[in-house]
Amino acid sequence: MTLRSEFEGRAADDLAKYLLDIGALTPEWADAFGAVPRSLFLPDLFWAYDMATGRSEPVDRSEAPADWERAAYEDIPVVTQWDDGQHVGTAPGSRGTSSASMPSVVASMLRDLDVDDGTRVLEVGTGTGWNAGLLAHRLGNGNVVSVEIDPAVAASASAALTRAGLGPRLVEGDGREGWPIGAPYDRVIVTAGVRNFPAKWLEQTRPGGIILAPWGTHYSNQDALVRLTVGEDGCGVGPFLRMVEFMKLRDQRLDWNRFVGHVKEFPGAADASRTSRTLADLGDRYETSYFVIGLCVPDCAHVVNAGDVGDVGDSGEEGDAKAWFFDFLSQSWAAVVFSPGAPDATVYQSGPRRLWDEAERALTWWISRGRPAVDRFGLTVDRDGTTRPWLDEPVGVLPSFA
């Protein structure tokens, strides 16, 4: 194990204490968090996410070493790669494609993984290598396999793990395929958002084993962390634990260009109506209502264009916001225009699907059930990767309003 600098040792210990205090870290993991400094796994230039502004700010070790060290141990996510490595410069790129998650998220996922000495773990998405390093410190190098699709990211993680004196098995490849050579695994932990569940993960997990993964629908960028137990029949069943948000598996990112031809002119010949629902009723990125609408309205993508100066809507006022809904299987679309001070919003719907009507019925259903929190929902994944979300019990399959 490499020797820690005085600052690294103090900062890593302070981070572990903070995570213990907030309940994200369990005592069984405290030694790993103290011994494996996060800073060893971060590049000299990264982009720290500002929780207040929602922006990513560059932090360059060569120019501001104290700021870099401080950010390395803050409980914030940092972007370590933009645009699949094609980005240059210090300004943020178009799309973050690799990152180091918030330490509290890392700690709580390791807690939920529920490992013991000798547990064999497959990690999908090596990223910086910090999570693989924590696993290897706790379980031993021979019990950890980590798969990374990006060659440059994998090389950086390998170098960082070597600096830390750790050597889990690193595999450069598509995480959807897992790593069958090392199967069966007791645990599979996924550090990227999932939209289509790979059957290979189920095949490579022993009966009684656990798969922990951020899963969601293309309705939004939201994920909910699901903890599946694999049965003797090869299916996975388990509850959602809490809302999270991860960068998606590379082949499962939503391509917004597929909707370019949906709205040829706005509003055009779309049917118009009114709704008393507000933008707040739809929820935001970490609210259950937002997630549940996505569960109950299949093959639909949703985005909100917040009101900007110069965007003048039905009310004639600047600052109208539009909630958009796009169908994957046809050119159906809907837009709801929320105008400041207006008692109702204007709804436009076009195509064979009435997407706003579907979303509103899903929201009404969720409210009628007492607004259940996300941890009352769960997921069944069949051996072929087919997913079925449910409420309270696996037999309580959710309605579809399509």
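Before any of the text, the structure's been laid out above.
Residues numbered from 1 in each chain as written. Predicted model: local features only at pLDDT ≥ 70, side-chain atom pairs only at ≥ 80, totals over all residues. Heavy atoms only, no water.

Chemist: Looking at this structure, how should I read the overall build of the chain?
Modeler: A tally of helices and strands in the chain yields 10 helices and 18 strands. Relative to its length of 402 residues, the chain is compact, with a C-alpha radius of gyration of 22 Å against a globular reference of 21 Å. Taking all 402 residues of the chain together, the buried fraction comes to 50%. About 17,500 Å² of surface is accessible on the chain, with carbon and sulfur atoms providing 50% of the total. Separation of charge centres in the chain, based on 37 positive and 58 negative side chains, amounts to 3 Å. (Helix = DSSP H or I, 4+ residues; strand = E, 2+ residues; numbered from the N terminus. Rg over C-alpha atoms; globule rule 2.2 N^0.38 Å. Buried < 20%, exposed > 50% of the residue type's maximum accessible area, 1.4 Å probe, protein only. Areas by Shrake-Rupley, 256 points an atom, 1.4 Å probe, with all protein chains shown as cover. Lys, Arg positive; Asp, Glu negative; His and termini not counted. Charge placed at Lys NZ, Arg CZ, Asp CG, Glu CD.)

Chemist: Whenever I open this one, the environment of Asp-382 confuses me. Can you help?
Modeler: Within the fold, Asp-382 resides in the loop between strand E17 (377–381) and strand E18 (387–391). The sequence separation of Asp-382 and His-218 amounts to 164 residues, and the corresponding C-alpha distance is 20 Å.

Chemist: What's the story with helix H3 (residues 65–72) in this structure? I'm lost.
Modeler: Spacing of three or four residues puts side chains on the same side of an α-helix, whose turn is 3.6 residues. Taken together, the buried positions of H3 are Trp-68, Ala-71 and Ala-72. Looking straight down H3, one finds its buried side chains confined to an arc of 100°; they lie on one side. Looking at the buried residues of H3, the elements they touch are strand E1 (45–49) and strand E2 (56–60). (Arc of directions from axis to C-beta. Contact = heavy atoms within 4.5 Å.)

Chemist: Got a minute to help me understand the pairing of strand E11 (residues 236–244) in this structure?
Modeler: Across a regular strand the side chains alternate sides, sitting on one face of the sheet and then on the other. Across six bridges, the pairing between strand E10 (residues 223–230) and E11 is antiparallel. Its bridge partner lying in E11, Leu-225 is registered against Arg-242. Between E10 and E11, which pair antiparallel one after the other, the connecting turn spans five residues, and Gly-234 there sits at a positive phi close to 85°. Here four bridges tie E11 to E17, and the two strands are oriented antiparallel to one another. By the bridge assignment for E17, Pro-239 is matched with Gly-378. (Pairing = 2+ DSSP bridges.)

Spatial relationships are all this shows, so hold off on functional conclusions.
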